[in-house]
Every structure is written in C-alpha cells, then in structure tokens.
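Structural overview
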Protein chains: 2
Amino acid sequence: MLSAPEHQVAGHRAAEGQLGPLVDGAGLFYKPLQGDDRGAHEAAFYSSFSSDPRVPPHVRAFFPGFHGTQLLPASDGSGPHPHLVLDDLAVGLRRPSLIDLKIGARTWYPSASDEYFRKCLKKDRDSTSLALGFRVSGVRIHQGGDAGFWQPDRDAIRRFTAKDVRRTLRQFVSSNPSSDADPPDCAFASTVYGGSNGVLAQLLELKAWFEDQTLFHFYSASVLVMYEMEEVEAGRAGGEVRVKLVDFAHVMEGNGIIDHNFLGGLCSLIKFISEILTDPDECLVEPKKAHLSFENEC
Amino acid sequence: MLSAPEHQVAGHRAAEGQLGPLVDGAGLFYKPLQGDDRGAHEAAFYSSFSSDPRVPPHVRAFFPGFHGTQLLPASDGSGPHPHLVLDDLAVGLRRPSLIDLKIGARTWYPSASDEYFRKCLKKDRDSTSLALGFRVSGVRIHQGGDAGFWQPDRDAIRRFTAKDVRRTLRQFVSSNPSSDADPPDCAFASTVYGGSNGVLAQLLELKAWFEDQTLFHFYSASVLVMYEMEEVEAGRAGGEVRVKLVDFAHVMEGNGIIDHNFLGGLCSLIKFISEILTDPDECLVEPKKAHLSFENEC
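Residues numbered from 1 in each chain as written. Chains lettered and ligands numbered in written order. Predicted model: local features only at pLDDT ≥ 70, side-chain atom pairs only at ≥ 80, totals over all residues. Heavy atoms only, no water.

Across its full length, chain A carries 10 helices and 11 strands. The C-alpha radius of gyration of chain A comes to 19 Å, within 12% of the 19 Å expected for a compact globule of 298 residues. C-alpha atoms of chain A, sized along the principal axes, occupy 55 × 50 × 40 Å. In chain A, which comprises 298 residues, the share counted as buried stands at 56%. Restricting the contact set of chain A to residue pairs at least 6 apart, pairs at least 24 apart contribute 68%. For chain A, the accessible area works out to roughly 12,500 Å², and carbon and sulfur atoms hold 51% of it. Taking the average location of the 30 positive side-chain charges in chain A and that of its 40 negative ones, the two points are 3 Å from each other. (Helix = DSSP H or I, 4+ residues; strand = E, 2+ residues; numbered from the N terminus. Rg over C-alpha atoms; globule rule 2.2 N^0.38 Å. Buried < 20%, exposed > 50% of the residue type's maximum accessible area, 1.4 Å probe, protein only. Contact = heavy atoms within 4.5 Å. Areas by Shrake-Rupley, 256 points an atom, 1.4 Å probe, with all protein chains shown as cover. Lys, Arg positive; Asp, Glu negative; His and termini not counted. Charge placed at Lys NZ, Arg CZ, Asp CG, Glu CD.)

Attention shifts here to the pairing of strand β10 (residues 242–246) of chain A. Residues and elements named next belong to chain A. When you tally the buried positions in β10, you get 5 out of 5 residues, the bulk of the element. Burial along β10 is two-sided: the face carrying Arg242, Lys244 and Val246 and the face carrying Val243 and Leu245 are both buried. By the bridge criterion, 5 bridges tie strand β9 (residues 222–228) to β10 in an arrangement that is antiparallel. Looking at the pairing, Val223 lines up with Leu245 of β10. (Pairing = 2+ DSSP bridges.)

This part takes up the sheet that holds strand β5 (residues 96–103) of chain B. All names here are of chain B. Overall, antiparallel pairing links the 5 strands, which are arranged β7-β6-β5-β9-β10 in an open sheet. Bordering the open sheet on either side are β7 (149–150) and β10 (242–246), each of which pairs with just one other strand. As defined by bridge partners, β5 adjoins strand β9 (residues 222–228) across 7 bridges and the pair is classed as antiparallel. Paired with Lys102 across the bridge in β9 is Ser222. Helix α6 (residues 162–171) contacts β5, β6 (134–142) and β7 of the sheet and is inclined by roughly 35° relative to β6. (Axes fitted to C-alpha atoms, helices over the stretch in contact; angles between N-to-C directions.)

Another aspect to go through is the pattern of salt bridges. With the rule as written, the count across this model stands at 26 salt bridges over all chains. The shortest N-O distance in the salt bridge between Arg54 of chain A and Asp52 of chain A comes to 3.1 Å. For Asp52 of chain A, a relative accessible area of 4% translates into the label buried. Ionic pairing is found between Asp247 of chain B and Lys31 of chain B, a salt bridge with its closest N-O pair at 3.1 Å. Of this pair, Asp247 of chain B sits in the loop between β10 and β11 (251–253) while Lys31 of chain B is found in strand β2 (residues 28–32), placing the two residues 216 residues apart along the sequence. Residue classification places Asp247 of chain B among the partly exposed positions, given a relative accessible area of 29%. A relative accessible area of 17% places Lys31 of chain B in the buried class. (Salt bridge = Lys/Arg side-chain N within 4 Å of Asp/Glu carboxyl O.)

Right, let's get into the packing of aromatic side chains. For any pair of aromatic rings, the description consists of the separation of the ring centres together with the inter-plane angle of the planes. All names here are of chain A. Enumeration according to the criterion identifies 50 aromatic pairs over all chains in this entry. When the ring of Phe45 is compared with that of Phe218, the centres are 5.6 Å apart and the planes differ by 80°; the resulting orientation is edge-to-face. Of this pair, Phe45 sits in helix α1 (residues 38–50) while Phe218 sits in strand β8 (residues 216–218), and the two are 173 residues apart along the sequence. Aromatic pair Phe172 and Tyr227: ring centres 5.2 Å apart, planes at 80°, arrangement edge-to-face. With Phe172 in the loop between α6 (162–171) and α7 (189–192) and Tyr227 in strand β9, this pair connects stretches of sequence that are 55 residues apart. Site record: aromatic cluster; members linked through ring pairs are Phe45, Tyr46, Phe49, Phe63, Phe66, Trp209, Phe210, Phe216, Phe218, Phe248 and Phe262. (Phe/Tyr/Trp six-rings, centres within 6.5 Å; stacked < 30°, edge-to-face > 60°.)

Right, let's get into empty space enclosed by the protein. Taken as a whole and judged by the stated rule, the model has 3 cavities of 30 Å³ or more. Roughly 220 Å³ of volume is contained in the largest cavity. Forming the walls of the largest cavity are 18 residues, and the residues nearest its centre are Arg106 and Asn261 of chain A together with Ala105, Arg106 and Asn261 of chain B. Looking at the lining of the largest cavity, the elements that each hand over two or more residues are α3 (114–126) and α10 (260–278) of chain A together with α3 (114–126) and α10 (260–278) of chain B. Class assignment for the residues of the lining of the largest cavity results in 8 nonpolar, 6 polar and 4 charged. As a volume, the second largest cavity reaches approximately 40 Å³. Among the elements of the structure, β5 (96–103), α8 (199–210) and α10 of chain A are those that each provide at least two residues to the lining of the second largest cavity. (1 Å grid on protein atoms, 1.4 Å probe; cavity = no way out; pocket = protein on both sides within 12 Å on 5 of 7 lines; lining within 4 Å. Points joined across faces, edges and corners; volume = space filled by probe spheres on them. Nonpolar A, V, L, I, M, F, W, Y, C, P; charged D, E, K, R; others polar.)

Residue and element names in this part refer to chain A. Along the chain, the position of Lys244 falls in strand β10. Of the side chains bearing the opposite charge, Asp87 lies closest to the buried Lys244, which forms no salt bridge; the N-O distance is 7.0 Å. Looking at Lys244, its side chain comes within polar contact range of the main-chain oxygen of Ala61, at 2.9 Å. Excluding residues within four positions of it along the chain, Lys244 makes contact with Ala61, Phe62, Leu89, Ser222, Val223 and Leu224. (Polar contact = N/O pair within 3.5 Å; in protein donor to acceptor, adjacent residues only side chain to side chain.)

A few words on the nonpolar core. Here is a general trend for soluble globular proteins: nonpolar side chains tend to be buried in one another's company. Leu169 and Phe218 of chain A together with Leu169 and Phe218 of chain B are the most contacted members of the largest nonpolar core, which has 127 residues in total. In this view, Leu169 of chain B contacts Ile99, Leu101, Phe134, Tyr193, Leu269, Phe272, Ile273 and Ile276 of chain B; residues no more than four positions away in its chain are not counted. In terms of nonpolar packing, the next biggest core, distinct from the first, is built from 20 residues, Tyr219 of chain A together with Ala112, Phe117 and Leu130 of chain B among them. (Core = buried A, V, L, I, M, F, W, Y, C linked by side-chain atoms within 4.5 Å.)

Residue and element names in this part refer to chain A. Across the sheet, 5 strands lie side by side as β7-β6-β5-β9-β10; this open sheet has antiparallel pairing. The outermost strands of the open sheet, each flanked by one partner alone, are β7 (149–150) and β10. Packing of α8 onto the sheet brings it into contact with β9 and β10, and relative to β10 it is tilted by some 40°.

Residues and elements named next belong to chain B. Here His83 is to be found in strand β4 (residues 80–87). Judged by its relative accessible area of 0%, His83 falls in the buried class. Here His81 takes part through its backbone oxygen, which lies 2.7 Å from a polar atom of the side chain of His83.

Attention now moves to the confidence of the model for chain A. All names here are of chain A. Within chain A, residue pLDDT values average 90, and 93% of them lie at 70 or more. Ignoring residues within four places in sequence, the model shows residues 294–298, a span with pLDDT below 50, making 14 contacts including any to other chains. Across the interface, the model reports ipTM at 0.92; the global pTM reads 0.93. (pLDDT = per-residue confidence, 0-100.)

For any two helices packed against each other, the geometry comes down to the angle between their axes and how far apart the axes lie. Residues and elements named next belong to chain B. One can describe the packing of helix α8 (residues 199–210) onto α10 by two numbers: an axis separation of 10 Å at closest approach and a directional angle of 155°. By the angle class used here, α8 and α10 are roughly antiparallel. Crossing hand, α8 versus α10: left-handed. Between α8 and α10, the contacting residues are Leu200, Leu203, Leu204, Leu206, Lys207 and Phe210 on the first element and Phe262, Leu263, Leu266, Cys267, Leu269, Ile270, Ile273, Ser274 and Leu277 on the second. Of the residues contributing to the contact of α8 with α10, the split by class is 13 nonpolar, 1 polar and 1 charged. (Parallel < 35°, antiparallel > 145°, perpendicular 65-115°, else oblique. Left-handed = near helix turned anticlockwise from the far one by under 90°.)

This is the structure we're talking about:
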C-alpha cells in the first residue's frame, strides 16, 4: 500500500489530482519523474552517482540509496508514471523534526536557458539565497510529548529574512519552537547540532568532500536534517540525527572544477550552526558590525 | 621622485594624461582615489580595516599596510588629487613574476545598482568567474636569467577559458612559460606553490579566516601572488613568495554572514594549485569526467 509521505515539508505533495512522491511504509520512497526533462535528469544523476567508484562510502551515506526506476500508478490518478525508487529517509521516525535547506547562493547554472536563469535569479535575490548562500525550503519542529508540531506555511518561509533564518535554526533545536514571546531556548543544541555524530560534525564531513570533489555541481539541491524529538528528549540522539542531500534535478557535470557555489553556501550554514553551539544563550543579538560608513552603496 | 610602478599587471596605469598609481621607490604605493565613490569607499574600508581589533595580525599581513590619504599631483597632470598611501607590495623585487586573480564567482553585491549589476554579471559570465569562482586579471612571468618576461595582453586575458586558466597557473611556475610547443614544465611548482611558506600554505591560512570572519564581503577583490625568479632559480624562495589581497573599492559590510562568494572562489583556486602540486607532470590532461548523459541542459 503506497501513501503520501507523512513527513514532507518541501516540494510537490501527492494528493487528489496532484502528482507527488509516495512511500511504502517499509523503507522505500517513490519520487515521480518530473516533466520537462528534470525527471530524466535526476534519474541520470542517480544512475551515474550510484555507480561511480570515485565516490567514497562515507559520502555515499549522505545520499538516498537508489534502486532504479519503476512504473507506478501516479498519485494524481493519471495512470502509470515512471518513479525513482529511493530509500525513504524518514523510515523509522515517528515524530521527526525536519528542515530542508536549499544550498547555494545561485540556483541557476551557466548553461541555463534565459527564462530559467531569470526565474532563479529573482528567487535567489528575493529569498536569503543570495545573501546567506542558502535558504530554508521547509521546516517542521515537534514540540515534544504530544504537543504537536510547529510548521510555518510556505508563503511565510518564502519571505524569510536572514534574521528569520537565524531564528529558525535556533527554534529547530529548542523546546519552545512556536513561542513568540520567548527567545528559542536552544535546549537541544548540543544534542542535535553538537557531538561526534551531530549536524555540525556531519556537515564538516560533507564540506571536506566538497573541497575536493570535481565530479558534480549540485544546483538547487538541499541538505535535509531530521531528528526524532522523543530520542532527543530522552537524551538518546547523536547517532539518530540524519543529515542527507536531496533533490538532484539540476545537478551538472563538474568538469574538473569544485562546486564552489554549493561549498560556499555549506560553509555559511556551518558558520550559523557553529554560532548556535558557541552561544546557545545569545538571544538573537544583532551581529557585531564592522564600523564602515558606506554612504551610497549599502 | 614618484613614478609609475614597474610591476603592475592589472588596473589603471599612470601615463601621460592618464590617472594611475605611483610609487616612491622607497616602499610606498600611492593609489589615486577613483571617482564615482569607489575611491571614498576603498578609503573607508582601509580606515575601518586597519583599526579593527578583530582582525588578527597574521591576517593583517595579507593586506597592504595603510598610511592614510594624501594630496599628490595626479599622474595625468590634472593637479592635486587625493591618493591612498599604501605599502608597495613589490618593494625589493627586481624581476618579479606576478599574477592577479580576481576572486569570487560574483563581482556584484545585493545592493548594487541595476546598471552595475548587469555590467558585472555579463563580465562574470563572459570570463571564467562564474565557472571557476575566479578569473585572471593580469599576469607576468619572468623567464629566468635575462630572457625577459612573458605577459599576455589584456584582451587575450579577457578571453581566457577554464583551460587557459589551468595552463596559466602552470606556466606561472614553469621555466618555459612562453613556449607554445611544450607543456609548461612546472619546474618551480614545489618551491613557489609548495612548502610551509608557499602559495598553497598561505591561501589555506586565508581560507581559515574566511570560514570564520563575518566583518567584510570582498567583492571584486584580488589575490596577488608575486615571487622573484632569481630567488627561485637559486632555490631560495619560500619566505619570499608573497600572497596579498588587493582592490577594495567594492568591499561591503558582512553583517554577521561569512563571505561565501569569496570563500568559494578561494577554495576553487586552492584546488587548482593543489592539483599542480600533486601532478606537476600532468600535461594539461583533460579532467576526468562524470559519466552523465544530460541531453538537454549541458
């Protein structure tokens, strides 16, 4: 029995009359190939990546396992449709908090069509991508116990400023994520972001690969972070914090050049996470400024 | 007695009727403030930077020392003109090989005017900036002994492809830089790029700062690398390889965010240099490709 995934916060959702991914509840995730070549492109990436011996196993672990493509009844009722068969990254998680972070100041690539270039450039400028090197694409934060979760709607996320992103990354590891009155308490920062298997350690491992690899350029790909609130409350996280890369419809060949666009954004994200670990109590203090007086340009 | 600097490979040159920098031959470099606020902007940066206690001394050493501004007769004969008074980075060098590398895939900044944005974007796309995260702005390579130097003209440099940049970084440390027949021999790679005071070590030190610093964003700034051919031939380089940052007319406040644009380009340059050190004999072999078949977009 296939169903729409419970824990999706970004991308197209499967629904009545709408094409979206499906899960089998036993560990597989079926992603319908998107039209206009994006689907074929993503399938080509998975196929190339999964058989490339130059990708070390510890890096491969950041990517969903790929099990080919399969014709399945589309979720929109339009009949058989090709799907990527991938590992379900949320398997075994009952109440995961998750955040989808689209990495890179630039989501367009040199060979993009003029229309695509213009669309991406506008989104990059309107969102935090240009300024921060990444943007939040979706987030859900469980409140612990049975208190439900907090999930800002997509329009709100699209309007996130740098300050909102800074706050969201704190809320993501707080026991009071939805409070407007109090600053996020960052109660779970050291458990989720810190430690030898925490988010920071995993991002640094990814970064080391991106400093070296020249195989692929990951435009518009996301870092997806997930953890189980129950585990964290019981102090059992660590091994259970999942950091994955997803969304490869716009991966390009690297041609011997590192993916400096993705790497720069990743380093920016790493800096945000590091600061939360260094100053978990700092209540969104404005960053210290350089004392410049630039009359005309700033 | 002021005169035009001997070893300039990029930027405006002082000449009859032309405004450009001057040197006093005793260690000072006078850079005329450019019009349209760029000059005032660069002066504001130097003033802020040189007095900011958060910049550690080993980082400060990458920047020209700043000694205020001074009214001097302009090189174009137009009368007194304000100049930045800076350390002459080439002081003491008799026959330096030098390369000016403008860092960053993007030379425009979020607050740029539409006209400036468009001009920069076009240059970034037409040059290697977008693809590599940096471009060559100027280069001069001495041939050793009295054989003179090789310096491609500016139009040729503007047309540099990724392959040309790869080759130029090899020529820069070769004893046969101007040969068309033979591949660059990379005879001086280990002396200039390698070692504890070589280019790679210094770039890695800069990189560590850029991973952390959120004070400034260095749009359109350059890494300038210089070494004395005579020293290298005599096997005495190391300490004498100079790596400096220059050109700060478009530095912006960092506002608590790392300069992911500069950092990404710097990492890309570091990868190029590392590869030359790893494979000094590799004669411009085409980089190994990922086996993708992207029909429409690549």
